[in-house]
Amino acid sequence: MDVQAEVLQLLNNITGEDLSNQMDEDLFDTGLLDSMATVELLLDLENKFNIQAPVSEFNRDEWNTPNKIVAKVKSLIG
Amino acid sequence: MPNLQPYADPMYFVYLLIALVPLAVGLYFGKRINWYEVLVSLVFIFLMFDGDASHIHQGYALIVYIIWEALLVGWYTKYRQSKNSTPVFYIVTILSILPIVAVRIAGTGLFKPELSLIGFLGISYLTFRTVGMIIETRDGSIKEFKPMYYLRFVLFMPTLSSGPIDRYRRFIKDIEGVPDRATYLEYLSKAVKYLFLGFLYKFVLAHYFGDVWLPYCKSMALADPNHFWSWWLIPVMYTYGFDLFFDFAGYSLFAVAIGYIMGIDVPMNFNQPFRSKNLKDFWNRWHMTLSFWFRDYVFMRLVFTMMKNKWFKSRITTSNVAYVLNMLLMGFWHGLTWYYITYGLFHGFGLVINDAWLRYKKKHNVPHNKFTEGFAIFLTFNVVMVSFLIFCGFLDTFWFHR
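Analysis parameters
Residues numbered from 1 in each chain as written. Chains lettered and ligands numbered in written order. Predicted model: local features only at pLDDT ≥ 70, side-chain atom pairs only at ≥ 80, totals over all residues. Heavy atoms only, no water. 1 Å grid on protein atoms, 1.4 Å probe; cavity = no way out; pocket = protein on both sides within 12 Å on 5 of 7 lines; lining within 4 Å. Points joined across faces, edges and corners; volume = space filled by probe spheres on them. Helix = DSSP H or I, 4+ residues; strand = E, 2+ residues; numbered from the N terminus. Nonpolar A, V, L, I, M, F, W, Y, C, P; charged D, E, K, R; others polar. Salt bridge = Lys/Arg side-chain N within 4 Å of Asp/Glu carboxyl O. Buried < 20%, exposed > 50% of the residue type's maximum accessible area, 1.4 Å probe, protein only. Contact = heavy atoms within 4.5 Å. Buried area = accessible area lost by both parts, 1.4 Å probe. Polar contact = N/O pair within 3.5 Å; in protein donor to acceptor, adjacent residues only side chain to side chain.

A.B. asks: Just checking my understanding: could you explain empty space enclosed by the protein for this structure?
C.D. replies: Residues and elements named next belong to chain B. Tallied over the full model, the rule gives one cavity of 30 Å³ or more. Counted as a void, the largest cavity has a volume near 50 Å³. If you trace the largest cavity, you find 13 residues lining it, with R129, G132, R167, Y168 and Y297 closest to the centre. Those elements that place two or more of their residues in the lining of the largest cavity are α5 (123-138) and α11 (288-308). Partitioned by chemical class, the residues of the lining of the largest cavity number eight nonpolar, one polar and four charged.

A.B. asks: I tried to follow the layout of surface pockets on my own but got confused; where do I start?
C.D. replies: Empty space among the atoms becomes apparent when a probe as large as a water molecule is rolled across them. All names here are of chain B. Looking at the second largest pocket, its volume works out to about 1,300 Å³. Lining the second largest pocket are 39 residues, and of these F89, Y90, I135, Y297 and R301 sit closest to its centre. Sorting the residues of the lining of the second largest pocket by element identifies α4 (86-107), α5, α11 and α12 (315-334) as the ones contributing at least two each. Of the residues belonging to the lining of the second largest pocket, the class tally is 25 nonpolar, eight polar and six charged.

A.B. asks: What is the right way to look at the pattern of salt bridges in this model?
C.D. replies: Within this structure, the stated rule accounts for 17 salt bridges over all chains. With its nearest N and O atoms 3.0 Å apart, the salt bridge here joins D34 of chain A to K280 of chain B. Pair noted here: D34 of chain A is in the loop between α1 (3-15) and α2 (35-49) and K280 of chain B is in helix α10 (residues 279-283), and the two residues belong to different chains. Taking relative accessible area as the criterion, D34 of chain A reaches 22% and is therefore assigned partly exposed. Exposure remark for K280 of chain B: the relative accessible area of 22% places this residue in the partly exposed category. Residues joined in a network through salt bridges with shared partners are D34 of chain A together with K280 and D355 of chain B.

A.B. asks: What exactly am I supposed to notice about the interface of chain A and chain B here?
C.D. replies: Bring the parts together and some accessible area is lost; that lost area is often taken as the interface size. Facing the 17 residues of chain A at the interface are 18 residues of chain B. Both faces considered, chain A and chain B share a buried interface measuring about 1,600 Å² in area, 62% of it formed by carbon and sulfur atoms. Considering only the surface of chain A that becomes buried against chain B, M36, V55 and S56 of chain A emerge as the three largest contributors, covering 37% of it. Taken together, chain A and chain B are joined by four salt bridges. Here E40 of chain A ties to R315 of chain B by a salt bridge, and the two come within 2.9 Å at their closest N and O atoms. Remark: the boundary between chain A and chain B carries eight residue pairs in polar contact (both at pLDDT 80 or more). A per-element tally of the side of chain A that touches chain B places α2 of chain A first, with nine residues. Tallied by class, the residues present in the side of chain A that touches chain B amount to eight nonpolar, four polar and five charged.

This is the structure:
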(Lines give C-alpha, C1' and ligand atoms only; values in the text may rest on other atoms or scores of the structure.)
Protein backbone atom coordinates (compact mmCIF):
# COMPACT_ATOMS: atom_id res chain seq x y z
CA MET A 1 0.00 0.00 0.00
CA ASP A 2 1.38 3.38 -1.00
CA VAL A 3 0.75 5.53 2.05
CA GLN A 4 1.57 8.78 0.27
CA ALA A 5 -0.88 8.19 -2.57
CA GLU A 6 -3.62 7.16 -0.13
CA VAL A 7 -3.10 10.19 2.08
CA LEU A 8 -3.12 12.51 -0.93
CA GLN A 9 -6.36 10.94 -2.08
CA LEU A 10 -7.95 11.54 1.34
CA LEU A 11 -6.70 15.13 1.34
CA ASN A 12 -8.06 15.60 -2.16
CA ASN A 13 -11.50 14.44 -1.02
CA ILE A 14 -11.46 16.86 1.90
CA THR A 15 -9.87 19.96 0.40
CA GLY A 16 -10.96 19.47 -3.21
CA GLU A 17 -7.41 19.96 -4.41
CA ASP A 18 -4.65 17.77 -5.73
CA LEU A 19 -1.76 18.51 -3.40
CA SER A 20 0.83 16.15 -4.96
CA ASN A 21 2.98 19.05 -6.13
CA GLN A 22 2.55 21.07 -2.93
CA MET A 23 3.93 18.57 -0.47
CA ASP A 24 5.41 21.26 1.82
CA GLU A 25 2.54 23.72 1.64
CA ASP A 26 1.20 24.77 5.05
CA LEU A 27 -2.42 23.63 4.78
CA PHE A 28 -3.61 25.68 7.76
CA ASP A 29 -2.02 28.90 6.52
CA THR A 30 -3.58 28.47 3.09
CA GLY A 31 -6.93 27.73 4.69
CA LEU A 32 -7.26 24.32 3.01
CA LEU A 33 -7.49 22.65 6.41
CA ASP A 34 -9.38 23.94 9.44
CA SER A 35 -10.56 22.27 12.65
CA MET A 36 -13.53 20.75 10.86
CA ALA A 37 -11.46 19.33 8.00
CA THR A 38 -8.90 18.10 10.50
CA VAL A 39 -11.47 15.98 12.28
CA GLU A 40 -12.62 14.58 8.93
CA LEU A 41 -9.01 13.73 8.14
CA LEU A 42 -8.49 12.01 11.50
CA LEU A 43 -11.65 9.95 11.01
CA ASP A 44 -10.65 9.04 7.45
CA LEU A 45 -7.21 7.99 8.61
CA GLU A 46 -8.77 5.90 11.35
CA ASN A 47 -10.98 4.10 8.82
CA LYS A 48 -8.39 3.76 6.09
CA PHE A 49 -5.30 2.75 8.04
CA ASN A 50 -6.92 1.58 11.24
CA ILE A 51 -4.76 3.98 13.26
CA GLN A 52 -5.80 5.91 16.34
CA ALA A 53 -4.89 9.57 16.27
CA PRO A 54 -6.68 11.17 19.21
CA VAL A 55 -7.50 14.86 18.94
CA SER A 56 -5.13 15.71 21.79
CA GLU A 57 -2.24 14.11 19.89
CA PHE A 58 -3.00 16.41 17.01
CA ASN A 59 -0.41 19.16 17.16
CA ARG A 60 -0.85 21.60 14.29
CA ASP A 61 2.88 22.13 13.92
CA GLU A 62 3.36 18.42 13.28
CA TRP A 63 0.46 17.95 10.85
CA ASN A 64 0.48 21.09 8.74
CA THR A 65 1.91 19.89 5.39
CA PRO A 66 1.15 16.85 3.20
CA ASN A 67 4.70 15.59 3.79
CA LYS A 68 4.36 15.83 7.55
CA ILE A 69 0.96 14.12 7.49
CA VAL A 70 2.40 11.25 5.44
CA ALA A 71 5.31 10.95 7.89
CA LYS A 72 2.92 10.95 10.85
CA VAL A 73 0.72 8.29 9.31
CA LYS A 74 3.75 6.12 8.57
CA SER A 75 4.95 6.44 12.16
CA LEU A 76 1.49 5.58 13.50
CA ILE A 77 1.22 2.53 11.27
CA GLY A 78 4.52 1.59 12.87
CA MET B 1 2.31 41.78 55.12
CA PRO B 2 1.22 43.91 52.14
CA ASN B 3 -1.13 42.59 49.50
CA LEU B 4 0.33 42.58 45.99
CA GLN B 5 -1.99 42.07 43.07
CA PRO B 6 -0.19 40.80 39.97
CA TYR B 7 0.95 43.52 37.56
CA ALA B 8 -1.29 46.05 39.27
CA ASP B 9 1.25 48.75 40.05
CA PRO B 10 4.86 49.55 39.15
CA MET B 11 6.23 48.40 42.53
CA TYR B 12 5.00 44.89 41.84
CA PHE B 13 7.38 44.72 38.90
CA VAL B 14 10.28 46.02 40.96
CA TYR B 15 9.80 43.37 43.68
CA LEU B 16 9.17 40.58 41.21
CA LEU B 17 12.11 41.36 38.93
CA ILE B 18 14.50 41.59 41.89
CA ALA B 19 13.20 38.27 43.21
CA LEU B 20 13.72 36.65 39.79
CA VAL B 21 17.39 37.68 39.46
CA PRO B 22 18.88 34.47 40.97
CA LEU B 23 16.64 32.37 38.74
CA ALA B 24 17.68 34.33 35.64
CA VAL B 25 21.38 34.06 36.53
CA GLY B 26 20.93 30.32 36.97
CA LEU B 27 19.21 29.96 33.61
CA TYR B 28 21.89 32.05 31.94
CA PHE B 29 24.47 29.56 33.23
CA GLY B 30 22.38 26.62 32.08
CA LYS B 31 20.81 25.67 35.39
CA ARG B 32 17.18 25.76 36.44
CA ILE B 33 17.06 26.29 40.20
CA ASN B 34 13.77 24.50 40.79
CA TRP B 35 13.56 25.01 44.55
CA TYR B 36 14.10 28.73 44.14
CA GLU B 37 11.47 29.00 41.42
CA VAL B 38 8.97 27.24 43.69
CA LEU B 39 9.91 29.49 46.61
CA VAL B 40 9.53 32.75 44.66
CA SER B 41 6.25 31.53 43.19
CA LEU B 42 4.87 30.63 46.62
CA VAL B 43 5.88 34.00 48.06
CA PHE B 44 4.20 35.94 45.27
CA ILE B 45 1.10 33.76 45.34
CA PHE B 46 0.98 34.30 49.11
CA LEU B 47 1.22 38.07 48.59
CA MET B 48 -1.75 37.91 46.20
CA PHE B 49 -3.93 36.34 48.86
CA ASP B 50 -2.93 38.02 52.09
CA GLY B 51 -3.83 41.35 53.64
CA ASP B 52 -7.52 41.80 54.30
CA ALA B 53 -10.05 39.13 55.21
CA SER B 54 -11.53 38.79 51.73
CA HIS B 55 -8.15 38.05 50.15
CA ILE B 56 -7.22 35.62 52.90
CA HIS B 57 -10.52 33.85 52.38
CA GLN B 58 -9.74 33.49 48.67
CA GLY B 59 -6.36 32.06 49.62
CA TYR B 60 -8.01 29.31 51.68
CA ALA B 61 -10.44 28.65 48.83
CA LEU B 62 -7.46 28.24 46.47
CA ILE B 63 -5.83 25.71 48.80
CA VAL B 64 -9.01 23.63 49.14
CA TYR B 65 -9.59 23.86 45.40
CA ILE B 66 -6.12 22.71 44.47
CA ILE B 67 -6.25 19.72 46.84
CA TRP B 68 -9.60 18.70 45.36
CA GLU B 69 -8.36 18.96 41.77
CA ALA B 70 -5.02 17.26 42.49
CA LEU B 71 -6.83 14.32 44.09
CA LEU B 72 -9.16 14.07 41.10
CA VAL B 73 -6.44 14.19 38.46
CA GLY B 74 -4.21 11.91 40.49
CA TRP B 75 -6.94 9.34 41.02
CA TYR B 76 -8.07 9.49 37.39
CA THR B 77 -4.53 9.03 36.05
CA LYS B 78 -4.13 5.97 38.25
CA TYR B 79 -7.52 4.63 37.16
CA ARG B 80 -6.78 5.31 33.49
CA GLN B 81 -3.58 3.22 33.64
CA SER B 82 -5.70 0.09 33.84
CA LYS B 83 -9.21 1.06 32.70
CA ASN B 84 -10.94 3.48 30.36
CA SER B 85 -14.65 3.86 30.90
CA THR B 86 -16.49 6.76 29.29
CA PRO B 87 -18.89 7.41 32.22
CA VAL B 88 -15.93 7.60 34.63
CA PHE B 89 -14.27 10.16 32.36
CA TYR B 90 -17.42 12.28 32.30
CA ILE B 91 -17.93 12.02 36.06
CA VAL B 92 -14.34 13.09 36.75
CA THR B 93 -14.67 16.00 34.30
CA ILE B 94 -17.91 17.13 35.92
CA LEU B 95 -16.38 16.89 39.39
CA SER B 96 -13.44 18.99 38.26
CA ILE B 97 -15.64 21.77 36.90
CA LEU B 98 -18.01 21.61 39.87
CA PRO B 99 -16.26 24.41 41.82
CA ILE B 100 -16.44 26.91 38.94
CA VAL B 101 -20.02 25.94 38.14
CA ALA B 102 -20.95 26.60 41.76
CA VAL B 103 -19.16 29.95 41.68
CA ARG B 104 -20.94 30.95 38.47
CA ILE B 105 -24.34 29.96 39.84
CA ALA B 106 -23.62 31.86 43.04
CA GLY B 107 -22.57 34.84 40.90
CA THR B 108 -26.12 35.25 39.64
CA GLY B 109 -27.20 35.98 43.21
CA LEU B 110 -30.41 34.04 42.56
CA PHE B 111 -29.44 30.90 44.36
CA LYS B 112 -27.06 30.21 47.25
CA PRO B 113 -24.92 33.34 46.89
CA GLU B 114 -22.76 32.10 49.79
CA LEU B 115 -21.30 29.52 47.38
CA SER B 116 -19.27 32.33 45.84
CA LEU B 117 -17.02 31.90 48.90
CA ILE B 118 -15.39 28.90 47.23
CA GLY B 119 -14.18 31.16 44.42
CA PHE B 120 -10.87 32.96 44.12
CA LEU B 121 -9.04 35.06 41.57
CA GLY B 122 -8.01 32.81 38.69
CA ILE B 123 -10.28 29.82 39.39
CA SER B 124 -11.46 29.60 35.80
CA TYR B 125 -7.92 29.52 34.41
CA LEU B 126 -6.89 26.81 36.84
CA THR B 127 -9.96 24.85 35.77
CA PHE B 128 -9.04 25.11 32.08
CA ARG B 129 -5.58 23.71 32.77
CA THR B 130 -6.91 20.88 34.93
CA VAL B 131 -9.70 19.86 32.55
CA GLY B 132 -7.22 19.90 29.65
CA MET B 133 -5.07 17.44 31.61
CA ILE B 134 -8.02 15.16 32.34
CA ILE B 135 -8.94 15.08 28.64
CA GLU B 136 -5.38 14.32 27.58
CA THR B 137 -5.18 11.60 30.21
CA ARG B 138 -8.36 10.11 28.79
CA ASP B 139 -6.74 10.16 25.32
CA GLY B 140 -3.70 8.40 26.72
CA SER B 141 -1.45 11.36 25.97
CA ILE B 142 -0.65 11.93 29.65
CA LYS B 143 0.23 8.70 31.40
CA GLU B 144 1.63 9.67 34.78
CA PHE B 145 0.62 11.98 37.59
CA LYS B 146 3.46 13.85 39.26
CA PRO B 147 2.10 16.03 42.05
CA MET B 148 4.90 18.60 41.88
CA TYR B 149 4.56 18.93 38.11
CA TYR B 150 0.83 19.28 38.43
CA LEU B 151 1.15 22.05 41.03
CA ARG B 152 3.86 23.90 39.14
CA PHE B 153 1.78 23.78 35.97
CA VAL B 154 -1.60 24.72 37.36
CA LEU B 155 -0.26 27.31 39.81
CA PHE B 156 2.39 28.77 37.48
CA MET B 157 2.72 32.15 39.17
CA PRO B 158 2.93 34.60 36.20
CA THR B 159 -0.24 33.21 34.63
CA LEU B 160 -2.16 32.29 37.79
CA SER B 161 -4.78 35.01 37.82
CA SER B 162 -5.76 35.40 34.14
CA GLY B 163 -3.78 33.17 31.82
CA PRO B 164 -2.51 32.67 29.17
CA ILE B 165 -3.67 29.05 29.35
CA ASP B 166 -0.67 26.83 28.69
CA ARG B 167 -0.74 23.08 27.94
CA TYR B 168 0.63 20.54 30.40
CA ARG B 169 2.90 18.58 28.08
CA ARG B 170 4.32 21.75 26.53
CA PHE B 171 4.94 23.29 29.95
CA ILE B 172 6.59 20.16 31.36
CA LYS B 173 9.01 20.00 28.43
CA ASP B 174 10.10 23.52 29.39
CA ILE B 175 10.58 22.92 33.12
CA GLU B 176 12.41 19.64 32.56
CA GLY B 177 15.02 21.38 30.43
CA VAL B 178 16.92 24.63 30.27
CA PRO B 179 16.87 26.88 27.22
CA ASP B 180 20.33 27.19 25.67
CA ARG B 181 22.06 30.50 26.18
CA ALA B 182 21.16 32.00 22.79
CA THR B 183 17.50 31.07 23.25
CA TYR B 184 17.44 32.41 26.79
CA LEU B 185 18.99 35.70 25.71
CA GLU B 186 16.31 35.94 23.06
CA TYR B 187 13.67 35.27 25.75
CA LEU B 188 15.16 38.08 27.84
CA SER B 189 15.19 40.56 24.99
CA LYS B 190 11.59 39.67 24.16
CA ALA B 191 10.69 39.99 27.84
CA VAL B 192 12.06 43.54 27.95
CA LYS B 193 10.14 44.46 24.81
CA TYR B 194 6.90 42.91 26.09
CA LEU B 195 7.22 44.59 29.47
CA PHE B 196 7.52 48.03 27.86
CA LEU B 197 4.74 47.33 25.39
CA GLY B 198 2.66 46.05 28.29
CA PHE B 199 3.26 49.26 30.23
CA LEU B 200 2.11 51.28 27.23
CA TYR B 201 -0.98 49.10 26.79
CA LYS B 202 -2.04 48.71 30.38
CA PHE B 203 -0.89 51.82 32.19
CA VAL B 204 -1.28 54.38 29.40
CA LEU B 205 -3.79 53.28 26.76
CA ALA B 206 -6.08 51.17 28.93
CA HIS B 207 -5.95 53.94 31.52
CA TYR B 208 -7.21 56.57 29.07
CA PHE B 209 -9.79 54.33 27.42
CA GLY B 210 -11.01 52.64 30.58
CA ASP B 211 -10.63 55.17 33.39
CA VAL B 212 -11.05 58.47 31.56
CA TRP B 213 -13.09 58.22 28.37
CA LEU B 214 -15.28 55.21 29.08
CA PRO B 215 -16.83 56.57 32.31
CA TYR B 216 -17.52 59.87 30.55
CA CYS B 217 -19.25 58.20 27.58
CA LYS B 218 -21.23 55.98 29.92
CA SER B 219 -22.43 58.90 32.00
CA MET B 220 -23.48 60.75 28.84
CA ALA B 221 -25.41 57.69 27.63
CA LEU B 222 -27.11 57.30 30.99
CA ALA B 223 -28.10 60.97 30.97
CA ASP B 224 -29.97 60.46 27.71
CA PRO B 225 -33.74 60.75 28.29
CA ASN B 226 -34.31 58.03 25.70
CA HIS B 227 -34.16 54.70 27.54
CA PHE B 228 -33.88 52.50 24.46
CA TRP B 229 -31.21 54.11 22.41
CA SER B 230 -28.56 56.77 22.83
CA TRP B 231 -25.97 57.87 20.28
CA TRP B 232 -23.51 57.78 23.17
CA LEU B 233 -23.70 54.00 23.07
CA ILE B 234 -21.46 54.10 20.01
CA PRO B 235 -18.49 55.78 21.73
CA VAL B 236 -19.15 53.54 24.75
CA MET B 237 -18.77 50.57 22.43
CA TYR B 238 -15.46 51.67 20.90
CA THR B 239 -13.87 52.93 24.10
CA TYR B 240 -14.86 49.74 25.92
CA GLY B 241 -13.55 47.57 23.07
CA PHE B 242 -10.17 49.31 23.10
CA ASP B 243 -10.04 49.31 26.89
CA LEU B 244 -10.70 45.57 26.95
CA PHE B 245 -8.02 44.91 24.37
CA PHE B 246 -5.29 47.10 25.84
CA ASP B 247 -6.00 46.00 29.40
CA PHE B 248 -6.03 42.30 28.67
CA ALA B 249 -3.33 42.29 25.99
CA GLY B 250 -1.15 44.38 28.33
CA TYR B 251 -1.70 41.95 31.17
CA SER B 252 -0.95 39.01 28.86
CA LEU B 253 2.28 40.62 27.68
CA PHE B 254 3.40 40.94 31.31
CA ALA B 255 2.58 37.30 31.99
CA VAL B 256 4.47 36.12 28.91
CA ALA B 257 7.44 38.37 29.72
CA ILE B 258 7.72 37.06 33.30
CA GLY B 259 7.34 33.53 31.96
CA TYR B 260 10.26 34.15 29.60
CA ILE B 261 12.44 35.43 32.43
CA MET B 262 11.61 32.18 34.24
CA GLY B 263 12.70 30.26 31.14
CA ILE B 264 9.18 29.19 30.14
CA ASP B 265 7.90 29.80 26.62
CA VAL B 266 4.40 30.90 27.68
CA PRO B 267 2.10 31.03 24.62
CA MET B 268 0.97 34.43 23.35
CA ASN B 269 -2.64 35.49 23.81
CA PHE B 270 -3.15 38.15 21.12
CA ASN B 271 -1.95 38.58 17.56
CA GLN B 272 -3.20 41.90 16.17
CA PRO B 273 -6.88 40.94 16.49
CA PHE B 274 -8.20 44.13 14.94
CA ARG B 275 -6.56 43.22 11.63
CA SER B 276 -8.73 40.10 11.30
CA LYS B 277 -10.29 39.56 7.88
CA ASN B 278 -13.24 37.57 9.19
CA LEU B 279 -14.66 36.24 12.42
CA LYS B 280 -12.83 32.94 12.19
CA ASP B 281 -9.58 34.83 11.69
CA PHE B 282 -10.51 36.96 14.71
CA TRP B 283 -10.73 33.90 16.96
CA ASN B 284 -7.29 32.85 15.77
CA ARG B 285 -5.95 36.20 17.00
CA TRP B 286 -8.05 37.18 20.05
CA HIS B 287 -7.49 35.57 23.47
CA MET B 288 -5.87 32.78 21.52
CA THR B 289 -5.09 30.42 24.37
CA LEU B 290 -8.76 30.45 25.37
CA SER B 291 -10.13 30.07 21.86
CA PHE B 292 -7.62 27.32 21.05
CA TRP B 293 -8.58 25.57 24.25
CA PHE B 294 -12.21 25.61 23.16
CA ARG B 295 -11.21 24.63 19.62
CA ASP B 296 -9.17 21.60 20.71
CA TYR B 297 -11.09 20.39 23.75
CA VAL B 298 -14.66 21.30 22.83
CA PHE B 299 -15.19 22.04 19.13
CA MET B 300 -13.01 19.33 17.58
CA ARG B 301 -14.09 16.67 20.04
CA LEU B 302 -17.72 17.56 19.56
CA VAL B 303 -17.32 17.36 15.78
CA PHE B 304 -15.44 14.09 16.15
CA THR B 305 -18.24 12.54 18.21
CA MET B 306 -20.97 13.90 15.95
CA MET B 307 -19.29 12.67 12.77
CA LYS B 308 -18.27 9.30 14.13
CA ASN B 309 -21.78 8.58 15.34
CA LYS B 310 -23.31 10.21 12.26
CA TRP B 311 -25.65 12.52 14.17
CA PHE B 312 -26.20 14.70 11.12
CA LYS B 313 -26.06 13.85 7.45
CA SER B 314 -24.46 17.07 6.35
CA ARG B 315 -21.03 18.21 7.44
CA ILE B 316 -22.25 21.81 7.26
CA THR B 317 -24.95 21.10 9.84
CA THR B 318 -22.38 19.34 12.00
CA SER B 319 -20.00 22.27 12.01
CA ASN B 320 -22.78 24.82 12.52
CA VAL B 321 -24.13 22.96 15.54
CA ALA B 322 -20.59 22.68 16.92
CA TYR B 323 -19.91 26.39 16.40
CA VAL B 324 -23.02 27.45 18.27
CA LEU B 325 -22.56 24.98 21.14
CA ASN B 326 -18.87 25.83 21.43
CA MET B 327 -19.40 29.59 21.63
CA LEU B 328 -22.47 29.20 23.84
CA LEU B 329 -20.38 27.24 26.32
CA MET B 330 -17.76 29.98 26.18
CA GLY B 331 -20.51 32.50 26.95
CA PHE B 332 -21.62 30.44 29.95
CA TRP B 333 -18.05 30.23 31.14
CA HIS B 334 -17.85 34.03 31.35
CA GLY B 335 -20.83 34.03 33.67
CA LEU B 336 -24.53 33.31 33.87
CA THR B 337 -25.88 36.65 32.68
CA TRP B 338 -28.01 37.35 29.64
CA TYR B 339 -25.26 39.47 28.09
CA TYR B 340 -22.48 36.86 28.33
CA ILE B 341 -24.76 34.18 26.92
CA THR B 342 -25.94 36.51 24.14
CA TYR B 343 -22.30 37.31 23.40
CA GLY B 344 -21.60 33.57 23.05
CA LEU B 345 -24.59 33.04 20.75
CA PHE B 346 -23.66 36.14 18.75
CA HIS B 347 -20.24 34.68 18.00
CA GLY B 348 -21.62 31.18 17.43
CA PHE B 349 -24.07 32.38 14.79
CA GLY B 350 -21.47 34.83 13.53
CA LEU B 351 -19.16 31.92 12.76
CA VAL B 352 -22.02 30.07 11.05
CA ILE B 353 -22.67 33.07 8.78
CA ASN B 354 -18.95 33.54 8.24
CA ASP B 355 -18.55 29.94 7.08
CA ALA B 356 -21.55 30.21 4.76
CA TRP B 357 -20.00 33.31 3.22
CA LEU B 358 -16.61 31.61 2.79
CA ARG B 359 -18.32 28.71 0.98
CA TYR B 360 -20.27 31.11 -1.23
CA LYS B 361 -17.12 33.06 -2.01
CA LYS B 362 -15.25 29.92 -3.03
CA LYS B 363 -18.07 28.64 -5.20
CA HIS B 364 -18.81 31.87 -7.03
CA ASN B 365 -15.27 33.16 -7.37
CA VAL B 366 -16.07 36.45 -5.66
CA PRO B 367 -13.44 39.02 -6.68
CA HIS B 368 -10.74 39.63 -4.14
CA ASN B 369 -8.52 42.70 -3.99
CA LYS B 370 -7.07 45.26 -1.61
CA PHE B 371 -10.38 47.10 -1.32
CA THR B 372 -12.49 44.05 -0.56
CA GLU B 373 -9.89 43.01 1.99
CA GLY B 374 -9.92 46.45 3.60
CA PHE B 375 -13.70 46.33 3.72
CA ALA B 376 -13.59 42.83 5.27
CA ILE B 377 -11.27 44.08 8.03
CA PHE B 378 -13.49 47.12 8.65
CA LEU B 379 -16.62 44.98 8.82
CA THR B 380 -15.07 42.35 11.09
CA PHE B 381 -13.77 45.04 13.41
CA ASN B 382 -17.22 46.57 13.79
CA VAL B 383 -18.98 43.25 14.23
CA VAL B 384 -16.51 42.42 16.99
CA MET B 385 -17.04 45.82 18.62
CA VAL B 386 -20.81 45.25 18.66
CA SER B 387 -20.19 41.92 20.37
CA PHE B 388 -18.06 43.70 22.99
CA LEU B 389 -20.84 46.19 23.63
CA ILE B 390 -23.07 43.22 24.45
CA PHE B 391 -20.30 41.58 26.48
CA CYS B 392 -19.48 44.60 28.64
CA GLY B 393 -22.89 44.51 30.31
CA PHE B 394 -23.47 48.24 29.95
CA LEU B 395 -26.65 47.57 28.01
CA ASP B 396 -27.96 45.80 31.09
CA THR B 397 -27.43 48.97 33.12
CA PHE B 398 -28.66 51.19 30.31
CA TRP B 399 -31.89 49.32 29.69
CA PHE B 400 -32.79 47.75 32.99
CA HIS B 401 -30.94 49.30 35.91
CA ARG B 402 -30.95 53.05 35.59
